[in-house]
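# A structural walkthrough
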Amino acid sequence: MIMGLTGDSKGQLLSQLAELVKEISGLPECRNSCKKMHGTLVRRIKLLSPLFEELRDGNEESMVKIEEIKGFELLKSALDSTKKLLQSINEGSKLHQALQKDQVAYKFQQMTETIEAALSEIPYDKLDISEEVQEQIELVHAQFRRAKGRPESPDLQLEHDLSIVQKEKDPDPAILKRLSDKLQLRTINDLTKESVALHELVITSGEDPGERIEEMASLLKKLKDFVLTENPEADTSEGEKGLMKHRSPVIPDDFRCPISLELMKDPVIVSTGQTYERSCIQKWLDAGHKTCPKTQQTLLHTALTPNYVVKSLIALWCESNGVELPKKQGTCRSRKAGSSASDCDRTAIIALLEKLANGNSEQQRAAAGELRLLAKRNADNRVCIAEAGAIPLLVELLSCTDPRTQEHAVTALLNLSINDSNKGTIVNAGAIPDIVDVLKNGSMEARENAAATLFSLSVIDENKVAIGAAGAIPALIKLLCEGSPRGKKDAATAIFNLSIYQGNKARAVRAGIVPPLMRLLKDAGGGMVDEALAILAILASHHEGRAAIGQADPIPVLLEVIRTGSPRNRENAAAVLWSLCTSNLEQLKIAKDFGAEEALKDLSETGTDRAKRKAGSILELLQQLEVKEDAVSLSSL
C-alpha cells in the first residue's frame, strides 16, 4: 500500500508554496551591491508560480505519493529561508554587505543549492500538469542546477574602490562617486538610514563590534563628507532651510542619553541593547544598580560596548545641522580669557539675571527667553548659567502670572536640568511644588515642559518621592489624557519613571491611571501603545495596580498584543498577564477561555528571554488549572 496525503493536506501545502512565491516576487527591488544576486534569485523563483497554481487548482481528490510531498515540503522550507535572506538584504546595512560580499554570496549559493535539491525530489512527469508548465519548471530547474556550480563572479571594481577608500585619508572623489552610486548612498537620508542599519547590526549581533564597525563608520563618514560636498543642501526642503535660520535644530531622541537627556558624546551599549552616555550609565552602575534604567530589565552583565555607529551618526547630524560636536563638560571658570570654544558669556548672563531680578515684566519675559535658548544650546552654557545664580530666580518666575514668562522659566529649568549637578540645585531651590503647579495650571506648552522637567529631575531616586508627594501624578495623568502627542509622551515617561518608586504606584492607581492606559492600549493608531504597556507592566507589580487592571477587562487586548505586537510590547503584555494570572484564579480562567495557551506557546518559542520565562510560567499555571478541572469532572461522575 502506498502511503499518501489527502487532497486537503496537499491543497494547503501548495497554497502555502504559491503564497511564498508571490511574497518573494513582490519584494522591493534590491538597491545595493547584491542587486544582481538578489534579482536573479527572485526571477527564478517567480517562474515556479505556474506549477503551484496549476496543481492547487487541479483535482483536489487526487493522492500524492509521499516521495512527491517530501519534495514540496523541502521546497517550502527552502523558500521560507530564501524569503528571510532576501528581506535581510533589503533591510540590512549596505556597507556591511559590500565588505562581507563573499559571505553574502555564499549564503545565496546555499539557497540556490537548497532549492535545487528540493526541486530534484519532485517528479514533474508524474504530476497532473500541462506540458507547457512541465517544460517551464524543468527549464527553471536546469537554471538552478547550472547556478549551483557557478558562484557569483566577484565585483572587482567594487572591491578595488572599497580598498582604496579604506586606506586613503582623502580618497579620489571619482572613487567616492562610484561607491555612492553602487551602494545607493547618494543623499543624507540614505546615509541616515545606513547608520540606523549599522546600529541595528551592532545590537542584534550580540558581540563586541570592534574594528569592523569602526571601519564601516569611517567609510560612512567619508561618503557623508562627499555627499555634503557635492550637494551641501541635500534632503533639505526650502521651507526647512528657512526655518533652520530661525530656530535651533531639535535633537533626535535616539541621540540623547535616556538618563541625562543630553546629546551623547561617548555612547555605549548595555546588555539589554539600550544606548547611554558612558559617564551617566557608569555612574548608575557605580551606585549599585543592576538594571537597565530605560527598560528596568536586569542587566546580564555590566560590560559597556562602544556604539561607534550612533557616535558616527551624531557627528553626521551635528555637521549637517551646524551644531558643535559634544565635548566634555567644563566650567566657565576654566576657560581661558578670549576663548571662543563656548558661547558662554558670563557678563551677558549676569546682565540677564539682573533683568530677571529687578526688571519690569517685559524685561523679565525677554531675559527668561534668552536664558532658555542659551541653556538649550550647549553643556557649557548650562554650567555657566547655573554658576551665575540663575536657578533660584527662574524658580521664582514659575509663579509669574504672565503665561509666556512662565513658559520660558519652566523650559529654561528643563534645559538646565540636563546637567546632573543642576538637578540638585533646582530641587534645593524649592522648585518641585512650583513645577507641579505649572503642570496643573499653566498653558499647554508650559504643562508639557513641566512634565519633561519632572521626568529629568526624577532620574535621581530621592526626587521620585518628593515629586510624587507634591501631587504631580494626577496632573500628569490629566496631561496624558488631553495633551498633544509630544505632551502625552512626556507625561507617560514621567509617570513611568516616578512609578519605579513603590509609593507612587499606589498614587497613580488611586488617581485613576488604569482606564486612560487601557484606552491608549486599545488605540493602535494613537502611537502610545508602547508607553501604556510599559506603565501597566510596572503597575502590575503592585497589588492595587493588579486589582485595578483586572477590573478593566484587560485579557483580550493583552493576548492580541502577545500575538501581534513588537518584541518589547509582547514582553510587557506577558508580564502584565503573568501578574494577573498568578494572583487571581478568575483571570487565569478568562485567559484560558480567550485562547491564551496557543499565543503563549508561540511566545515561549519566539519571544525575548524575559517574555519566554513569563509565558512558560503562565503555561504551567494553565496546565495545573486543566488538571484540577479534570479532577473535578471525574469526581462528579
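In this text, all values refer to a predicted model and were calculated from it rather than measured experimentally. (Residues numbered from 1 in each chain as written. Predicted model: local features only at pLDDT ≥ 70, side-chain atom pairs only at ≥ 80, totals over all residues. Heavy atoms only, no water.)

### Re the overall build of the protein chain
Rules: By the criteria applied, helices consist of DSSP H or I runs no shorter than four residues and strands consist of E runs no shorter than two, each listed in order from the N terminus. In this description, contact between two residues means that some pair of their heavy atoms is separated by no more than 4.5 Å. Values of accessible area rely on a 1.4 Å probe in the Shrake-Rupley scheme; residue burial ignores everything except the protein chains shown.
When helices and strands are counted, the protein chain shows 34 helices and five strands. Partitioning the contacts of the protein chain with sequence separation of at least 6, the portion at a separation of at least 24 is 72%. Surface accessibility of the protein chain: about 31,200 Å² in total, with carbon and sulfur atoms responsible for 51%.

### Quick look at helix 22 (residues 444-457)
Which entries qualify depends on this criterion: A helix's residues, less one, multiplied by 1.5 Å, set its expected span. Per-residue accessibility, obtained with a 1.4 Å probe over protein chains only, is compared with the maximum for each type, and a residue is labelled buried under 20%, exposed over 50%, and partly exposed between these values.
An ideal rise of 1.5 Å per residue puts 20 Å on 14 residues; helix 22 measures up with 20 Å between its terminal C-alpha atoms. The buried fraction of helix 22 amounts to twelve of the 14 residues, a majority that puts the element mostly inside the structure. All of the buried residues along helix 22 are Ala446, Arg447, Glu448, Asn449, Ala450, Ala451, Ala452, Thr453, Leu454, Phe455, Ser456 and Leu457.

### Looking at the pattern of salt bridges
As a working rule, side chains carrying opposite charge can pair if their charged atoms are close by. For clarity, the cut-off: The salt bridge definition used is simple: a Lys or Arg side-chain nitrogen within 4 Å of an Asp or Glu carboxyl oxygen.
Here the structure, examined in full by the defined rule, presents 24 salt bridges. The closest approach of N and O atoms between Glu482 and Arg447, which form a salt bridge, is 2.9 Å. Here Glu482 is found in helix 24 (residues 472-482), whereas its partner Arg447 is found in helix 22, with 35 residues between them in sequence. A salt bridge links Asp490 to Arg486, with the nearest nitrogen and oxygen atoms 3.2 Å apart. On the criterion of helical spacing, the pair formed by Asp490 and Arg486 is a turn pair, its members being four residues apart in helix 25 (residues 485-498). Shared partners join several salt bridges into a network, and the residues in it are Arg372, Arg404, Glu407 and Glu445.

### Quick look at the UniProt feature "repeat: ARM" (unreviewed entry) in the protein chain
Our working rule: UniProt positions are given in the numbering used here, feature names are shortened, and annotations may be inferred rather than shown by experiment.
The sites that carry the UniProt feature "repeat: ARM" (unreviewed entry) are, in the present numbering, residues 389-431, 430-472, 471-513 and 512-549. Between the first and last C-alpha atoms of residues 512-549 the distance is 11 Å; the span itself is 71% helix and 0% strand.

### What to know about a negative patch on the surface
We count it as follows: Grouping into patches uses exposed residues only, defined as over 30% relative accessible area, and leaves out salt-bridged ones; the cut-off is 9 Å for like charges and 5 Å for nonpolar side chains (Val, Leu, Ile, Met, Phe, Trp, Tyr). Charge convention: Lys and Arg are scored as positive, Asp and Glu as negative, and His as well as the terminal groups of each chain are ignored. Charge placement uses NZ in Lys and CZ in Arg. For Asp and Glu, CG and CD serve respectively.
A grouping of Asp125, Glu131, Glu132, Glu135 and Glu138 is seen on the molecular surface, where their side chains present a negatively charged patch. Structurally, the position occupied by Glu132 is in helix 7 (residues 131-148). Residue classification places Glu132 among the exposed residues on the basis of a relative accessible area of 63%.

### Let's talk about the nonpolar core
Basically, it comes down to this: Residues enter a nonpolar core if they are buried and are Ala, Val, Leu, Ile, Met, Phe, Trp, Tyr or Cys, with the set joined through side-chain atoms within 4.5 Å.
Counting 98 residues, the largest nonpolar core has Leu521, Leu577 and Leu600 as the members making the most contacts within it. Element by element, the count of residues in this core is highest for helix 28 (residues 529-539), at nine residues. Each residue touching Leu600, except ones within four places of it in the same chain, is listed here: Ile562, Leu577, Ala615, Ile618, Leu619 and Leu622. Core analysis: the next-biggest nonpolar cluster, separate from the first, contains 40 residues, Leu17, Phe52, Ala118 and Ile129 among them.

### Overview of the environment of Ile435
Structurally, Ile435 is set in helix 21 (residues 431-441). Take Ile435: its relative accessible area is 0%, and that puts it in the buried class. Linking Ile435 and Arg447, residues twelve residues apart in sequence, is a C-alpha distance of 8.7 Å.

### Re the packing of helix 2 (residues 35-46) against helix 7
Under the convention used in this document: To get an axis, fit a line to the C-alpha atoms, keeping to the stretch in contact for a helix; angles then go from 0 to 180 degrees between the N-to-C directions. In what follows, roughly perpendicular refers to angles from 65 to 115 degrees, roughly parallel to angles under 35, roughly antiparallel to angles over 145, and oblique to any angle outside these ranges. Helix crossings get a hand from a simple test, with the near helix turned counterclockwise from the far one by less than a right angle marking a left-handed crossing and a clockwise turn marking a right-handed one. The residue classification treats Ala, Val, Leu, Ile, Met, Phe, Trp, Tyr, Cys and Pro as nonpolar and Asp, Glu, Lys and Arg as charged. All others, Gly included, are polar.
One way to put it is that helix 2 packs onto helix 7 with a least axis distance of 9 Å and a crossing angle of 150 degrees. Taken together, helix 2 and helix 7 sit at an angle that is classed as roughly antiparallel. As helix 2 packs across helix 7, the resulting crossing turns out to be left-handed. On helix 7, the residues touching Leu41, Arg43, Arg44 and Ile45 of helix 2 are Val140, Gln143, Phe144 and Ala147. Classifying every residue of the contact of helix 2 with helix 7 gives five nonpolar, one polar and two charged.

### Focus on the packing of aromatic side chains
The following threshold applies: Any two of the Phe, Tyr and Trp rings considered here, Trp counted by its six-membered ring, make a pair once their centres fall within 6.5 Å; the pair's planes then place it as stacked at under 30 degrees, edge-to-face at over 60, or tilted in between. Two limits define a charge over a ring: the Lys NZ or Arg CZ must be within 6 Å of the ring centre, and within 35 degrees of the ring normal.
For the structure on display, the rule yields zero aromatic pairs. It is Lys614 that lies over the ring of Trp578; its NZ or CZ is 3.7 Å from the centre.

### Section: helix 21
Rules: Read the arc as the range of directions from the helix axis to the C-beta atoms.
Those residues of helix 21 that fall on the buried side of the exposure criterion are Ala431, Ile432, Ile435, Val436, Val438 and Leu439. Across the axial projection of helix 21, the buried residues extend over an arc of 155 degrees, all falling on one side. In helix 21, the exposed residues that point more than 90 degrees away from the buried face are Pro433 and Asn441. Looking at the buried positions of helix 21, the neighbouring elements they touch are helix 18 (390-397), helix 19 (403-416), helix 20 (420-428), helix 22, helix 23 (461-469) and helix 24.

### Here's the deal with the sheet that holds strand 5 (residues 305-306)
Strand pairs in the sheet, formed through backbone hydrogen bonds, run parallel or antiparallel to each other. Quick note on the threshold: Should DSSP find at least two bridges between two strands, the strands are regarded as paired.
Overall, antiparallel pairing links the three strands, which are arranged 4-3-5 in an open sheet. With partners counted over all chains shown, the strands left at the sheet margins are strand 4 (275-277) and strand 5, one partner each. Pairing between strand 3 (residues 267-269) and strand 5: two bridges, direction antiparallel. The residue of strand 5 that forms the bridge with Ile269 is Thr305. Contacting strand 3, strand 4 and strand 5, helix 13 (residues 278-286) crosses the sheet at an angle of about 95 degrees to strand 4.

### What about unusual backbone geometry?
The phi angle at Gln184 is positive, at roughly 55 degrees, despite the residue not being glycine. Checked against the element boundaries, Gln184 lands in the loop between helix 9 (173-182) and helix 10 (188-205). Gln184 gets classed as buried once you look at its relative accessible area, which sits at 13%. The backbone of Asp553 shows a phi angle near 50 degrees, a positive value even though the residue is not glycine.

### Section: the environment of Ala532
If you trace the backbone, Ala532 turns up in helix 28. Sequence separation between Ala532 and Met518 is 14 residues; the distance between their C-alpha atoms is 7.3 Å. Apart from the residues lying within four places of it in its own chain, the contact partners of Ala532 are Leu517, Leu520 and Leu521.

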